[in-house]
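Chain and residue survey
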Amino acid sequence: LIASTIQTIFSVQIAPFLEQETVILPEPIYLLFKQQIETFNQLEKTLIFWLAIWQEPISLCRLQTHLFNNNPTQVIDALATLVRRSLVTQHFLSDEPSFSLQPMVSTFVLDELIKAIVHEIAQAQQQHSIQPFQLLRTHCLIRPGTDDILGDRILTTLQKNYQEHRSRPTPLLIENWLQQIQEESSSTVGYLLFNLTILTDMLDVPF
């Protein structure tokens with residue numbers, strides 16, 4: 001499918017295609033990935049979203065530190081399933097098992113992650129509640145502990161998608177969300193406060 005696209009657009013010339021430095025995701029492959037992700041359980045979705053955020057191999061040990069309600073057996077089983085489906089690539093860095101997404105899979109998963117976050121924000125606006133926020137609790141938009149250039153790409157794409165499809169949350173609504181967060185325990189808030197701070201700065205909406 002990819003070769004056919006290169007043949008049509010670049011007349012079988014590989015070099016001009018490589019100069020584009022892009023990932024081609026033909027619609028049939030996109031639909032195949034879509035069908036796959038719809039069969040995932042919650043833990044499998046959580047794992048691939050984290051791998052998409054990291055954009056590079058991450059060790060099993062470090063990956064587990066980002067997971068809520070982490071059950072080692074369930075995590076290992078979920079990763080094994082994703083590896084068998086050829087969606088996750090296994091590496092050994094310093095003799096420690098590590099995992100990553102192939103570029104085409106990563107492109108698809110990031111797109112799905114951004115769509116899901118945009119949907120959560122829209123639902124939270126409609127309900128004036130932080131209850132719709134799920135991914136923003138369990139996933140950090142910027143890789144934890146890093147000065148993340150790749151994370152900036154995620155935020156840039158999120159900003160573009162959000163501005164194209166949704167109105168911005170008002171400062172009053174943001175303040176209401178923050179008050180609701182203060183009433184929750186830290187174990188349930190997760191990354192939500194940090195992510196809302198980033199999104200507010202990104203959307204130029206002051207607290």
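In case you missed it, the structure is sitting above this.
Anyway, here's the lowdown on the structure attached to this text.

1. Looking at the packing of helix H3 (residues 27-38) against helix H7 (residues 103-127)
Look at H3 against H7: their axes get within 11 Å of each other, and the N-to-C directions meet at 60°. Judged by the angle between their axes, H3 and H7 are oblique. Where H3 crosses over H7, the two elements pack in a sense that is right-handed. Along its contact with H3, which presents Ile29, Tyr30, Phe33, Lys34 and Ile37, the element H7 presents Met104, Val105, Phe108, Asp111, Glu112 and Lys115.

2. Considering the layout of surface pockets
Once rolled over the atoms, a probe with the size of a water molecule shows which space is left empty. Taken as a whole, the largest pocket encloses approximately 470 Å³ of empty space. Considering the residues around the largest pocket, the lining is formed by 23 residues, among which Gln42, Lys45, Thr46, Leu135 and His139 are closest to the centre. The set of elements that each furnish at least two residues to the lining of the largest pocket consists of H3, helix H4 (42-54), helix H6 (72-84), H7 and helix H8 (135-138). When residues in the lining of the largest pocket are grouped by element, the largest group, six residues, is from H4. Class assignment of the residues belonging to the lining of the largest pocket gives a composition of nine nonpolar, ten polar and four charged.

3. Quick notes on the pairing of strand S2 (residues 88-93)
Sheet topology note: the S2/strand S3 (residues 96-101) ladder contains six bridges and is antiparallel. Looking at the pairing, Val88 lines up with Leu101 of S3. Turn length for the S2-S3 hairpin, with the two strands adjacent in sequence and antiparallel, is two residues, and the turn residue Ser94 shows positive phi of about 55°.

4. Some remarks on the pairing of S3
As paired elements, strand S1 (residues 58-59) and S3 share two bridges and run antiparallel to each other. Bridging from a neighbouring strand, Ile58 pairs with Phe99 of S3.

5. Here we look at the packing of aromatic side chains
Tallied over the full model, the rule gives six aromatic pairs. An angle of 65° between the planes, with centres 5.9 Å apart, marks the rings of Phe10 and Phe17 as edge-to-face. A relative accessible area of 13% places Phe17 in the buried class. Taking 6.3 Å as the distance between ring centres and 90° as the angle between the ring planes, the aromatic pair formed by Phe68 and Tyr191 counts as edge-to-face. On the criterion of sequence distance, the pair formed by Phe68 in the loop between helix H5 (60-65) and H6 and Tyr191 in the loop between helix H11 (186-189) and helix H12 (192-202) is long-range, its members being 123 residues apart. On the basis of relative accessibility, which here comes to 36%, the residue Phe68 falls in the partly exposed class. Residue classification places Tyr191 among the buried residues on the basis of a relative accessible area of 18%. What links up through ring pairs into an aromatic cluster is the set Tyr30, Phe33 and Phe108.

Each value, and the rule that gives it
Residues numbered from 1 in each chain as written. Predicted model: local features only at pLDDT ≥ 70, side-chain atom pairs only at ≥ 80, totals over all residues. Heavy atoms only, no water. Axes fitted to C-alpha atoms, helices over the stretch in contact; angles between N-to-C directions. Helix = DSSP H or I, 4+ residues; strand = E, 2+ residues; numbered from the N terminus. Parallel < 35°, antiparallel > 145°, perpendicular 65-115°, else oblique. Left-handed = near helix turned anticlockwise from the far one by under 90°. Contact = heavy atoms within 4.5 Å. 1 Å grid on protein atoms, 1.4 Å probe; cavity = no way out; pocket = protein on both sides within 12 Å on 5 of 7 lines; lining within 4 Å. Points joined across faces, edges and corners; volume = space filled by probe spheres on them. Nonpolar A, V, L, I, M, F, W, Y, C, P; charged D, E, K, R; others polar. Pairing = 2+ DSSP bridges. Phe/Tyr/Trp six-rings, centres within 6.5 Å; stacked < 30°, edge-to-face > 60°. Buried < 20%, exposed > 50% of the residue type's maximum accessible area, 1.4 Å probe, protein only.

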